[in-house]
Amino acid sequence: MSQAFQGAESHGFVGEEFLTWLWFKWETEGGEFTLTGGRIVGIAIDDFLTFAAQTEDETEQTLRRGLPTRTAEARTALRQGHRLRKARLLLAEGERQWTATIDAPTLSLSGVKLPEDAEECESEMDRTADRAANWLALHEIVQALYRMFLKERLHPDYQSTGAEAQANWMAR
Amino acid sequence: MPFFWQGKIVDPRNDEFAEHLSLQRFRTIENAASEEVSIGWVTPADPTGDNFSTEDLDGGVGTWLRLRIDKKSMPMKWLQIHRDAAEKARGKKLSAKERRELKDDLMDQLLPRVLPTITLVDALLFEERKTVLLFATSKSAKEAFTKLFFETFSLQLEPGDPLQAGLNSDLSNDDKHALERVNPIRWPNTTLEGGPSKPVTVPRPVIQKAPEPKDEALEGAEDAVVEESVVTDDVIAADEPQAAVEEPVAEATAQEPEPTEIESLENEA
């Protein structure tokens with residue numbers, strides 16, 4: 001791997017902080033985000049999440065099915081200061097809804113479920129174009145949310161403002 | 001799934017771009033008599049790979065690339081049925097050599113009649129941002145796409161990550177610079193009595209480089225090079241006591257809600 005592309009190793013924690021921040025925003029502010037250009041999207045954490053181990057010797061914990069964010073195990077992990085490593089998200093914009101699992105250190109998506117094909121799709125070409133548009137929209141939403149997070153995270157006062165608020169939420 | 005490249009790519013608006021694709025176009029294996037895979041470019045308008053025109057590649061916001069993967073494989077059930085029939089006729093099991101011969105015969109007979117499975121993988125290429133968005137998440141699709149992209153444009157695609165995603169966004173230069181130098185936040189472990197209560201920044205993880213091939217003359221010298229982590233001015237030393245031993249999360253509570261399955265997986269170091 002070239003020197004310029006070591007970001008998953010050197011900055012994987014940023015992805016983990018991003019995913020944990022999404023959970024924090026979802027629980028404390030309802031999960032609705034107004035993106036650049038006025039687009040309004042909603043997010044929620046679905047039925048799968050994995051907490052990052054804080055050291056290489058620790059075990060990684062995965063919670064799946066049901067409502068894992070509501071479990072005592074999840075709250076304990078947050079109180080112990082664990083970040084999210086992976087989570088399955090529900091994302092919605094208007095009538096369109098996606099589900100996707102985000103791997104935080106690489107920001108890669110897997111298990112993507114796109115919205116249903118639009119009713120006006122009459123040909124295979126229409127359907128292909130519709131799916132491509134939905135893929136692109138999903139990517140744009142994740143990118144825009146990540147950008148929002150970075151704007152807050154990279155602010156010089158972050159540690160005494162956003163980080164403290166999130167720490168209080170994690171300690172609840 | 002975003003991928004990035006470094007270097008210059010042929011302008012997608014030029015015919016030369018389509019010519020590059022056509023050199024690696026999809027070639028059919030419909031009538032092939034052996035098990036094989038064919039991977040190549042097609043266009044959204046023509047899935048055969050016979051025609052490439054610049055207009056067909058226009059995806060509006062970017063350049064629309066489409067990869068076709070055809071795979072022809074022998075249905076194993078057929079093989080099993082024929083082997084069972086041969087063994088029944090002989091009244092005894094076939095030897096390994098006989099099984100191999102039977103398989104080769106069946107492949108010759110049946111494969112020309114087997115239709116390949118077809119997979120189409122779409123992607124949008126953004127020339128100015130040096131980014132490709134792949135509309136697939138499977139490992140095989142990612143590998144096939146990055147390999148064909150390299151064979152076509154001699155450019156190595158690298159998968160996205162939190163650093164690249166930030167650097168390729170419209171963040172200000174100051175923010176991009178801050179992102180390159182940012183250090184992790186350590187969230188307090190509030191389950192410990194008297195433990196830290198405020199988040200602190202800590203140094204970034206150390207990146208382990210792969211050991212260089214050993215030079216005989218240097219044998220016995222350092223085995224591996226370890227790059228120092230970047231510690232910048234914004235690192236605030238943790239003045240609060242650190243957790244001595246952290247309890248595993250799953251053991252920290254006795255409650256186990258009914259619908260949720262818990263797994264503790266060994267961390268893949």
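Quantities reported herein were computed from a predicted structural model and do not represent experimental measurements.

### Some points on the sheet that holds strand S5 (residues 131-134) of chain B
Residue and element names in this part refer to chain B.
Then, number 1: Read across the sheet, 6 strands follow the order S2-S3-S4-S5-S1-S6 without closing on themselves; strand pairing throughout is antiparallel. What marks the edges here is a single partner per strand, and that holds for strand S2 (36-42) and strand S6 (158-159).
Then, number 2: Note: strand S4 (residues 117-126) against S5, 4 bridges, orientation antiparallel. The residue of S5 that forms the bridge with Leu124 is Leu133.
Then, number 3: Sitting on the sheet, helix H4 (residues 139-153) touches strand S1 (2-4), S2, strand S3 (63-72), S4 and S5, and the angle it makes with S3 is about 115°.

### Comments concerning H4 of chain B
All names here are of chain B.
Then, number 1: Taking 1.5 Å of rise per residue, 15 residues should cover 21 Å, and H4 covers 21 Å from first to last C-alpha, within 8% of that figure.
Then, number 2: When H4 is considered as a whole, its buried residues turn out to be Ala144, Phe145, Leu148, Phe149 and Thr152. With its buried residues spanning 130° around the axis, H4 presents them on a single face. Exposed residues on H4 whose side chains face more than 90 degrees from its buried face are Lys139, Glu143 and Lys147.
Then, number 3: Buried residues along H4 sit in contact with helix H1 (15-23), S2, S3, S4 and S5.
Then, number 4: Looking one or two residues beyond H4, the residue adopting positive phi is Ser154, at roughly 55°.

### A look at helix H3 (residues 72-79) of chain A
Then, number 1: Looking at H3 of chain A, one finds that the buried residues are Glu73, Ala74, Thr76, Ala77 and Leu78 of chain A.
Then, number 2: A positive phi of about 90° marks Gly81 of chain A, the residue just after H3 of chain A.

### Regarding the domain arrangement of chain B
Size of an interface: often given as the accessible area lost when the parts come together.
Then, number 1: Domains assigned within chain B are domain 1 (2-73 + 117-159) and domain 2 (76-111).
Then, number 2: Using only C-alpha atoms to locate each centre, domain 1 of chain B and domain 2 of chain B end up separated by 39 Å.

### Some details on the packing of helix H2 (residues 76-90) of chain B against helix H3 (residues 96-110) of chain B
Residue and element names in this part refer to chain B.
Then, number 1: Where H2 contacts H3, the axes come no closer than 10 Å and their chain directions differ by 130°. Put simply, H2 runs oblique to H3. Handedness of the crossing formed by H2 with H3: right-handed. The segment H2 lies against H3, with Trp78, Leu79, His82, Arg83 and Ala86 engaging Arg99, Leu102, Lys103, Leu106 and Leu110.
Then, number 2: Tallied by class, the residues present in the contact of H2 with H3 amount to 6 nonpolar, 1 polar and 3 charged.

Definitions and limits used
- All residue numbers refer to position in the chain's written sequence, counted from 1.
- For this description, chains carry letters from A and ligands carry numbers from 1, given in the order in which they are written.
- Note on the predicted model: pLDDT of at least 70 is required for a residue's local features to be given, and 80 or more for side-chain atom pairs to be given and counted; whole-chain, interface and lining totals, by contrast, use all residues.
- Any two strands are treated as partners once DSSP identifies two or more bridges connecting them.
- Working definition: helices are DSSP H or I runs of at least four residues, strands are E runs of at least two. Numbering for both runs from the N terminus.
- It is the C-beta atoms, placed from the backbone, that decide contacts: two residues are in contact if theirs lie within 7 Å.
- Under this scheme, a helix contributes an axis fitted over its contacting stretch, all axes are lines through C-alpha atoms, and angles between N-to-C directions fall in the 0 to 180 degree range.
- Each residue after the first adds 1.5 Å to the expected span of a helix.
- Put simply, a residue is buried when 20 or more other C-beta atoms lie within 10 Å of its own C-beta and exposed when 12 or fewer do; between those, it is partly exposed, and each C-beta is set from the backbone.
- Working note: the arc is built from the helix axis to C-beta atom directions.
- Either an automatic procedure or a domain database provided the assignment from which the domain bounds are taken.
- Roughly parallel means an angle under 35 degrees; roughly antiparallel, over 145; roughly perpendicular, 65 to 115; everything else is oblique.
- Should the near helix be turned anticlockwise from the far one by less than a right angle, the crossing is left-handed, and should it be turned clockwise, the crossing is right-handed.
- In this classification, Asp, Glu, Lys and Arg are treated as charged, Ala, Val, Leu, Ile, Met, Phe, Trp, Tyr, Cys and Pro as nonpolar, and every other residue, Gly included, as polar.

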